[in-house]
Amino acid sequence: MTVTASENGTLSASTVATVTFPDYVESVVVENLAPEGTANSVIYGTADGVTAPTVAGDNNFAVEPGETLEVTNEQPSIWYQGLLDINNALISMPNTVIKLISAGTPAFNVTGE
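Everything numeric here is computed off the predicted structure, so don't read it as measured data. Note that residues are indexed from 1 along each chain, following the sequence as it is written. A pLDDT threshold of at least 70 governs which residues receive local features in this predicted model, and a stricter bar of 80 or more applies before side-chain atom pairs are shown or counted, although totals over entire chains, interfaces and linings include all residues. Only hydrogens and water are set aside; all other atoms, that is, all heavy atoms of the structure, feed into the side-chain values.

Visitor: Please explain the overall build of the chain as it appears in this structure.
Guide: Secondary structure elements are taken from DSSP: a helix is a run of H or I of four residues or more, a strand is a run of E of two residues or more, and numbering for both begins at the N terminus. If you tally the helices and strands in the chain, you get zero helices and nine strands. Each helix and strand of the chain, placed in order from N terminus to C terminus, yields the pattern β-β-β-β-β-β-β-β-β. Burial here depends on accessible area, computed with a 1.4 Å probe over protein chains only, as a share of the maximum for the residue type. Under 20% is buried, over 50% is exposed, and the range in between is partly exposed. Here the chain holds 113 residues, and 40% of them are scored as buried. Working rule for contacts: check all heavy atoms of both residues, and any pair within 4.5 Å makes them a contact. Restricting to contacts in the chain with at least 6 residues of sequence separation, those with at least 24 account for 74%.

Visitor: How do you make sense of the nonpolar core when you look at a structure like this?
Guide: Across soluble globular proteins, you tend to see nonpolar side chains buried next to one another. Residues enter a nonpolar core if they are buried and are Ala, Val, Leu, Ile, Met, Phe, Trp, Tyr or Cys, with the set joined through side-chain atoms within 4.5 Å. If you look at the biggest cluster of nonpolar residues, it comprises 17 residues, and the most contacted ones within it are Phe21, Val28, Val30, Phe61, Leu100 and Val110. Broken down by secondary-structure element, the contributors of at least two residues to this core are strand 2 (17–21), strand 3 (27–32), strand 5 (61–63), strand 8 (90–101) and strand 9 (107–112). Per-element tally for this core: the top contributor is strand 2, with three residues. For Phe21, the residues in contact, after removing those within four places along its chain, are Ala5, Ser6, Val28, Asn95, Thr96, Ile98, Val110, Thr111 and Gly112.

Visitor: Is there a simple way to think about the environment of Lys99 in this case?
Guide: Its place among the elements puts Lys99 in strand 8. Assessed through its relative accessible area of 16%, Lys99 is described here as buried. Along the chain, Lys99 and Val16 lie 83 residues apart, while their C-alpha atoms are 6.4 Å from each other. With near-sequence residues (within four places) excluded, Lys99 lies in contact with Val16, Ala17, Thr18, Tyr44, Gly45, Thr46, Gly49, Val50, Thr51, Ala52 and Pro53. Pairing of N or O atoms within 3.5 Å defines a polar contact, subject to two protein rules: one partner must be a possible hydrogen donor and the other a possible acceptor, and residues neighboring in sequence count only if both atoms are side-chain atoms. Of note is the side chain of Lys99, whose polar atom sits 3.4 Å from the backbone oxygen of Val50.

Below, the structure is given as structure tokens:
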């Protein structure tokens, strides 16, 4: 797989962080950079571009400290490039939106492939 984009960051406790890739990617690798066994550092997320994750919530993926998880882009968001097609309609372009949350403040890396 080809890496199209990568973003590093640190989550704020109980606050949703949004990572947006400018293009559609089929899968995203989420890496929890907190040391294995770190308390309150599980990262929960969603990959549908819409739903906000919750700490230990249903329908979220979970990445334990020190682990990596590959998730499928469930539903691309749509943005408009600003160019018009032959019928003067905006050209839609898909992108990929991943939302993350944790009870703690773990560092993370998200890579689109």
